[in-house]
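Residue-level structural notes
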Amino acid sequence: MKNFKSLIKILFIIIIFSLSMDSNASDNVTGSSKVIVERNDQVVVRWCILGDSISDHRKYGETTPLYMDYIAATKDVETTNLAMMGTGFKSFATDQVFTHYTSFPYYMRVASMSEKTTLLTVFGSFNDVLMQDYAPYPYGTIFDNTNLTLYGCLNLFLYNALKINSSVKVGLVLPLPWASLEEREPYKTRCMEYVAILKNWALIHNIPILDLYEDYQNWNYNIMDRSNYLDFDGAHVSTMVHLTYLTPKVNEFLEYMMNM
């Protein structure tokens, strides 16, 4: 049944992209591998993280541990962090400091994923929402296959990931709410629309979802002492949240993905 679902998923993606492809995003995307590899007689999980500044050490400090570091310290897992601040499924870092390849949108940056990757988690990002201010784009439809729409960028991302390794298990993490956007319109509505599109896309492709958008709001407003947990700039959660909230949530999500 799992093989059948994987075959259906791949066939669906191939059909979408049979009309056209953005070759610039996938010229260096080749190869395939087994889902798991062995090292020292132990099963090794090779986990690739794709996301924005929430997962980027450069935002918090190169030596500051984030959720993936706490998880890697307790599991037999190898991590590759491709997260980059200022990026998303469609958006890219506009700061001139980040002009190298890593500043590209997810659908291009996933080409750097190893063919031996077992699990791939991708963090949705409200950078895509902010992009509407300086480079408006349509949401499109689920059948889009170009980078002109949000749905198209989502499909490009998945196509490029599966082209590297057709057996990689992909998981979607819905973004943590940004207080700086949730408190004013039209951003609050755009955030809700963005989350709804990501959910719909993931459900159609049978991709598991970790919904931090709803869950974190409930958790954040119900804890007794919020002083150590508040976003320090209205968009980025504190390192305490990485330890006490993101680590157990993402760890549980990885366990679920491994048992799919």
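Before going into details, it helps to say that this report is about the structure given with it. (Residues numbered from 1 in each chain as written. Predicted model: local features only at pLDDT ≥ 70, side-chain atom pairs only at ≥ 80, totals over all residues. Heavy atoms only, no water.)

With that settled, consider the nonpolar core. Within the largest apolar cluster, 43 residues are counted, with the highest numbers of intra-cluster contacts made by Phe-89, Leu-120, Phe-126, Phe-157 and Trp-201. At the level of secondary structure, the elements contributing two or more residues to this core comprise strand E2 (42-50), helix H4 (106-109), strand E4 (119-123), helix H5 (127-134), helix H6 (150-164), strand E5 (169-174) and helix H8 (187-204). If we ignore the near neighbours within four places in the chain, the residues touching Phe-126 are Pro-175, Leu-176, Pro-177, Trp-178, Leu-181, Cys-191, Tyr-194, Val-195 and Tyr-213. Counting residues in each nonpolar core, the second largest holds 25 residues, with Ile-54, Tyr-60, Tyr-67 and Leu-212 among its members. (Core = buried A, V, L, I, M, F, W, Y, C linked by side-chain atoms within 4.5 Å. Buried < 20%, exposed > 50% of the residue type's maximum accessible area, 1.4 Å probe, protein only. Helix = DSSP H or I, 4+ residues; strand = E, 2+ residues; numbered from the N terminus. Contact = heavy atoms within 4.5 Å.)

What follows covers the side chain of His-57. Inspection of the secondary structure puts His-57 in helix H2 (residues 57-60). Look at His-57 and you get buried, because its relative accessible area is 15%. Excluding anything up to four places from it in sequence, His-57 contacts Glu-62, Thr-64, Leu-66, Met-68, Asp-69 and Asn-81.

The next thing to look at is H5. What H5 keeps buried is the set Asn-127, Asp-128, Val-129, Met-131 and Gln-132. Tucked inside the fold, the buried residues of H5 contact H8.

The quantities given are spatial measurements derived from coordinates; they are silent on function.
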